[in-house]
Amino acid sequence: MQDCPMITDKKYKRITFRFCILSILLSGIFHQAHAQSHGLIFSSHEVVPEKRTSLDLTTGKPICFSGSLDLSFEISFIPNYSIYFGYVFRLINTQGQNIDLIYDQKKNSFRIVSGETFTDINFEINSTDLTGNWNRIRFTIDADKGITCYCNNKIWKSKKLNLKSNCFKLLFGAINEHNFISRDVPPMKIKNIRVATDGKEQNYWPLDESAGESAEDKISHIQAKITNPVWVKPQHVNWENLAGITIKGRPSLAFDPNEENLYIVSTDSLYTLSAKNPKPVASSFSVPLTLLSGNQSLYNPGNNGLYNFFIDQRAVAEYEFAKKRWDRNFVAAPSTEFWQANKFFSHDGSLVILGGYGQLKYKNTVQKYTPATKKWDTLTPTGDFFAPRYLAGLGTTGSRKIAYIIGGYGSKEGDQLLSPKHFYDLLQYDAVLNSFKKIYTLPEPDQQFVFANSIIIDSSNNCYYALIFPNDRFNNNLQLIKGSLLEPTYTLLGKPFPYSFNDVKSFADLYYCKKSNLLLAATIYTSKDDISEVKIYSIHFPPNDITASELRENTGNRKYFLVYTILLIGLISTIVYFLYRRYHRKRQLQPGAEIGTHPVLAKPVHVEHTMPSSTAHVVPKTNIEKETGLFVDGNPGNADASDQHEEDTLLTSDTLLPAKKSKIILFGSFEVIASDGRNITRQFTPLLKEMFLLILIDSLRYKKGVSSEKLNDILWNDKDIKDAKNNRSVNLVKLKNILDKLGGCTISRETGAWKFEYDLSQVDIDFLNYLTIFFHDDTTDISLQAGKLLNTLHEGSFLQETHYSWLDGIKAEISNFVIDLLLKYSETVNINTETEKMISICNAIFSFDELNEHALKLKCKCLIALGNHTLAKNTYTKFAAKYKEIYGEDFSETYHSLIA
């Protein structure tokens, strides 16, 4: 364990402890990164001979031994290929003698060849293990005793070899050596090659690279040469876009885990694609299917049936594969009231449906359809409460008796108007007992998220795999996570990939291909023209932890990684030391500070506010203290201890910046700067920040403040009235204390609502500057108003890194106003004489709408006017690429027509 600097003060002990734990965890990241999926994939008979993969481990000099040569490696075959015959490796000595390991597909066995003769070594690895797992094989070559092979706890031996030389070249895959040229390569993966001579390990090639045509030996640093490499690691990090299809109407998805077929159900056709064949194949229906908005499809692995259903009509159609038709149709109807509902086929063949959303109502109903009797029931479950929600993830165990449902968005009462919130609870639903059991609740994240419709349950390892995404933006990404079924923890896996999310017009799902070792993800986005874009992605299983994987890549081999880790630990220890020195220096400057107390909170503080009468009235601190019964340094009682602890830690993080008066900055990144120049933004914990913004925005924009009830509903809707009041009171005191340090503003409650009061002679608020323009009715001086607006927007869009569901409305209002005003202003600006000003206008518009075509046209013309033709073309190219990424289609206007 790392030695940690000892600090006697309790708070600084906590800080030091955190830094030490961090350093210890970082020192272990190497081992985690080293365990990531890696290896080299050999291109085989699926490509032309010159594109097949070759690995030469002895480009510099041969491997020589006097007594014995020990070679080991791990191998796995790639599933879903028709030809597997070929050379795994060849050992060729300086006298032209060869020892080969080949795979004999006819006998499904590995065989050792010496010269032109098969040896006695002939062994099998069952197909499930060979294509689904890594298999370690070890060979010992002894000139006097022959070859010994070890695999799956079995041993095979050959007769004595007549070797004329004990110096060998070692090659895997395609062979280019004179007299030994071969292009027969099995579709295989190889990793962790180890070579020992005369009992001493000499070489180790883990083959853990992500790119390039060489691989490093971690012991002797010999570079292996690779031709046509395909690396394993990127396939376990990056999602590949397998297919995309455009469909009229509202298609739905279903997955057959047995055959690994993904079905896309449209009005006139059934599209099928698989891990083996990712190209969608359409099969037209003999009779068109009426697909209603909100329909869903599901495959029943119990009877191999494909079903489409519309919950509102309690109607289910089964597909007849032989006749290419559905056994019934649906009656035209409005959109569903059960958008994004979760569903599964249980152990008894029943279709079970949970939750959903529609008509401003979140649902927690549990519905059951029995195909055998065609009976539809609404169940009354027992056990723990399942709150109304949608956008949750659901997965079942192998028996399909137990389903897990996690997360979502909804409200306890089911009414969208009554404090909707994100859920992070994991519940277990027992289909036999019709009962819910709450397992745990995940810690609330800094950035809220919801789940794709399905999660993958791995019961043997007590974990699940899920796709998550924030539901507050259109230009979105899906992120894969691996979570525990036993405790509230999860890890990010792989890189995110794009997802266009527009609430009920979008859908995402996740599927597991066990035979192919793949995860499939499918997304649907339906435009306002009722055209749906279906996209299919895949990633190899198991996916890598992207953080550990990237850190491993960035720090090179083991030796350099350990050096990096040691340096990082040293840096952390240095930071702790200087924090400790800084803290005691501050204490020496504060007479009367007692040991064990924070200097800021050493005594009860009562501040008398004297602000000019011309400003908004400021209520003395005692108004808040009357409600809370607390002084600034008082005991928070039953309030969340974590908030108090976080604030204590953050109070040491102030930095000095030049400032003449206090500043509250909402455009760009949220920042608060005190009148003495201290940046005190970090004193706002996530909870205090949201509370402050709620009160500030409602006070300035709507001029009414925020009621206690609204604060409770948004910030503490999971607590009873008493606990919510206590938490509100304590955090208002904390917020008031921060604003006292800021100067020129405070929180009051004279009208029954909590309001932000300010003195413009002491505090500058960029949002207030914006509102002055927003409420300005005179349109004759648009040049003056636009100029002021551009000055306000120079740091970026409104709270660009802050995302709350209640903030969406004001963000949309600001975006619309800014774009409209600046586009009108652009009509008055001369593009030839006021080019720089026009570029500023375009940049400001792009900060709110990155795909604004009018701004693109103006900016490109401005850059051309300045002679920056290359920059203009690059601006267009980036815009077009972003357009295609989001909409899945090329930008219709060419560069030359744009600038014409």
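In this report, the structure presented in the accompanying data block is examined. Predicted, not measured: the structure shown is a model, and the values here were computed from it.

1. Focus: the overall build of the chain
1) Next: Scanning the chain from terminus to terminus reveals 17 helices and 51 strands.
2) Next: In the chain, which comprises 900 residues, the proportion classed as buried is 53%.
3) Next: A sequence separation of at least 24 residues applies to 58% of the contacts in the chain between residues at least 6 apart.
4) Next: Accessible surface, the chain: about 41,500 Å² in total, of which carbon and sulfur atoms supply 51%.

2. Focus: the nonpolar core
1) Next: Among the nonpolar cores identified, the biggest contains 81 residues, and I695, F756, F767, F798 and L822 are the most heavily contacted of them.
2) Next: A per-element tally of this core places helix α8 (residues 686-701) first, with ten residues.
3) Next: Beyond its immediate chain neighbours, meaning those up to four positions away, F756 contacts I664, F692, I695, L696, S699, L700, C745, T746, I747 and I765.
4) Next: By size, the runner-up hydrophobic cluster in this structure holds 49 residues, among which are F42, C149, L163 and A174.

3. Describing the pairing of strand β4 (residues 68-77)
1) Next: The buried fraction of β4 is high, at nine of ten residues.
2) Next: In terms of strand pairing, β4 meets strand β9 (residues 135-142) through eight bridges, oriented antiparallel. Bridge pairing in β9 links S68 to D142.
3) Next: Sheet topology places β4 next to strand β13 (residues 188-197); eight bridges connect them, and they run antiparallel. Pairing of F77 across the sheet is with M188, part of β13.

4. Digging into the packing of aromatic side chains
1) Next: Taken as a whole, this structure holds 59 aromatic pairs when the rule is applied.
2) Next: Between F285 and W326, the aromatic rings sit 6.0 Å apart at their centres with planes inclined by 80°, giving edge-to-face as the arrangement. With F285 in the loop between β22 (281-284) and β23 (296-300) and W326 in strand β26 (residues 325-326), this residue pair connects regions lying 41 residues apart in the sequence.
3) Next: Accessibility expressed as a relative area gives 8% for W326, which makes it buried.
4) Next: Seen in terms of ring centroids, Y369 and W376 are 5.5 Å apart; in terms of plane orientation they differ by 50°. Their pairing is tilted.
5) Next: You can call Y369 buried: its relative accessible area is 7%.
6) Next: W376 sits in the buried class, given a relative accessible area of 10%.
7) Next: One aromatic cluster is present, formed by F474, Y525, Y876, F879, Y883, Y887, F891 and Y895 through successive ring pairs.
8) Next: Above the ring of Y204, the side-chain terminus of R194 is found at 3.8 Å from the ring centroid.

5. Quick look at the pattern of salt bridges
1) Next: Applying the stated criterion across every chain yields a total of 19 salt bridges.
2) Next: Its salt-bridge partner being E885, residue K882 comes within 3.8 Å of it at the nearest N-O pair. Note that K882 and E885 are positioned in helix α16 (residues 869-887) at a spacing of three residues, about one turn of the helix.
3) Next: Judged by its relative accessible area of 28%, K882 is partly exposed.
4) Next: Residue classification places E885 among the partly exposed positions, given a relative accessible area of 39%.

6. A short note on the state of the cysteines
1) Next: Tallied over the entire structure, the rule returns one disulfide.
2) Next: Across a sulfur-sulfur distance of 2.0 Å, C64 and C167 are joined as a disulfide pair. Disulfide C64-C167: the torsion about the S-S bond is 120°, which places it as right-handed. Taken together, the positions of C64 in strand β3 (residues 63-64) and C167 in strand β12 (residues 167-173) put the pair 103 residues apart, joining distant regions of the chain.
3) Next: Residue C64 is classed as partly exposed on the basis of its relative accessible area of 37%.
4) Next: With relative accessibility at 21%, the residue C167 sits in the partly exposed group.

7. Details of the pairing of strand β28 (residues 351-358)
1) Next: Burial runs high along β28: eight of the eight residues are buried.
2) Next: Note: strand β27 (residues 342-345) against β28, four bridges, orientation antiparallel. Following the sheet pairing, N342 is matched in β28 by L354.
3) Next: Turn length for the β27-β28 hairpin, with the two strands adjacent in sequence and antiparallel, is five residues, and the turn residue G349 shows positive phi of about 85°.
4) Next: As defined by bridge partners, β28 adjoins strand β29 (residues 361-370) across seven bridges and the pair is classed as antiparallel. Across the sheet, the residue bridging to G358 is K361, located in β29.
5) Next: In sequence, β28 turns back onto β29 through a hairpin of two residues, with Q359 there showing a positive phi of about 55°.

8. Section: the sheet that holds β23
1) Next: Taken together, the four strands give an open sheet; going across it, the order is β23-β24-β25-β26, and neighbouring strands pair in antiparallel fashion. With one partner strand each, in any of the chains shown, β23 and β26 form the two edges of the open sheet.
2) Next: Judged from the two bridges that link them, strand β25 (residues 315-320) and β26 form a sheet pairing that is antiparallel. When the sheet's bridge partners are listed, Y319 is paired in β26 with W326.

9. A short note on the environment of Q479
1) Next: Position of Q479 among the secondary structure elements: in strand β40 (residues 475-484).
2) Next: Given a relative accessible area of 13%, Q479 falls into the buried group.
3) Next: Along the primary structure Q479 and P496 are separated by 17 residues, whereas in three dimensions their C-alpha atoms are 4.6 Å apart.
4) Next: In this structure the side chain of Q479 is engaged in a polar contact, spanning 2.9 Å, whose partner is the backbone oxygen of L493.

10. Observations regarding the packing of α8 against helix α9 (residues 708-715)
1) Next: Two elements in contact, α8 and α9, have axes whose closest approach is 11 Å; the angle formed by their N-to-C orientations is 140°. By the angle class used here, α8 and α9 are oblique. Like other packed secondary-structure pairs, α8 and α9 cross with a definite hand, here right-handed. Contacts between α8 and α9 involve L687, E690, M691, L694, I695 and D698 from the former and K710, L711, I714 and L715 from the latter.
2) Next: Of the residues that constitute the contact of α8 with α9, the class distribution is seven nonpolar, no polar and three charged.

11. Considerations on the sheet that holds β28
1) Next: Taken together, the four strands give an open sheet; going across it, the order is β27-β28-β29-β30, and neighbouring strands pair in antiparallel fashion. The open sheet has two edge strands, β27 and β30 (375-379), and neither has a second partner. The average angle at which neighbouring strand axes cross in this sheet is 25°, direction not considered.

12. Digging into empty space enclosed by the protein
One water molecule sets the probe size; rolling that probe over the atoms shows where empty space is left.
1) Next: Scanning the model with the defined rule gives three cavities of 30 Å³ or more in all.
2) Next: The space that makes up the largest cavity amounts to roughly 240 Å³.
3) Next: Along the wall of the largest cavity there are 20 residues; nearest its centre are P251, N295, W339, F507 and I524.
4) Next: Going through the elements one at a time, β19 (252-256), β23, β42 (506-513) and β43 (518-526) are the ones with two or more residues in the lining of the largest cavity.
5) Next: Of the residues that constitute the lining of the largest cavity, the class distribution is eight nonpolar, eight polar and four charged.
6) Next: A volume near 100 Å³ is recorded for the second largest cavity.

13. Let's talk about helix α15 (residues 853-865)
1) Next: With 13 residues, α15 extends 18 Å between its outermost C-alpha atoms, agreeing within 8% with the 18 Å of an ideal straight helix rising 1.5 Å per residue.
2) Next: Looking at α15, one finds that the buried residues are A855, L856, L858, K859, C860, C862 and L863.
3) Next: Summarising the contacts, the buried residues of α15 are in contact with α13 (808-826), α14 (835-848), α16 and α17 (895-899).
4) Next: Where α15 begins, the side chain of N852 points an oxygen toward the backbone nitrogen of H854, at a separation of 3.2 Å.
5) Next: Within two residues after α15, G867 carries a phi angle of roughly 85°, on the positive side.

Parameters and conventions
- Residues numbered from 1 in each chain as written.
- Predicted model: local features only at pLDDT ≥ 70, side-chain atom pairs only at ≥ 80, totals over all residues.
- Heavy atoms only, no water.
- Helix = DSSP H or I, 4+ residues; strand = E, 2+ residues; numbered from the N terminus.
- Buried < 20%, exposed > 50% of the residue type's maximum accessible area, 1.4 Å probe, protein only.
- Contact = heavy atoms within 4.5 Å.
- Areas by Shrake-Rupley, 256 points an atom, 1.4 Å probe, with all protein chains shown as cover.
- Core = buried A, V, L, I, M, F, W, Y, C linked by side-chain atoms within 4.5 Å.
- Pairing = 2+ DSSP bridges.
- Phe/Tyr/Trp six-rings, centres within 6.5 Å; stacked < 30°, edge-to-face > 60°.
- Lys NZ or Arg CZ within 6 Å of the ring centre and 35° of its normal.
- Salt bridge = Lys/Arg side-chain N within 4 Å of Asp/Glu carboxyl O.
- Disulfide = S-S within 2.5 Å.
- Polar contact = N/O pair within 3.5 Å; in protein donor to acceptor, adjacent residues only side chain to side chain.
- Axes fitted to C-alpha atoms, helices over the stretch in contact; angles between N-to-C directions.
- Parallel < 35°, antiparallel > 145°, perpendicular 65-115°, else oblique.
- Left-handed = near helix turned anticlockwise from the far one by under 90°.
- Nonpolar A, V, L, I, M, F, W, Y, C, P; charged D, E, K, R; others polar.
- 1 Å grid on protein atoms, 1.4 Å probe; cavity = no way out; pocket = protein on both sides within 12 Å on 5 of 7 lines; lining within 4 Å.
- Points joined across faces, edges and corners; volume = space filled by probe spheres on them.
- Expected span 1.5 Å × (residues − 1).

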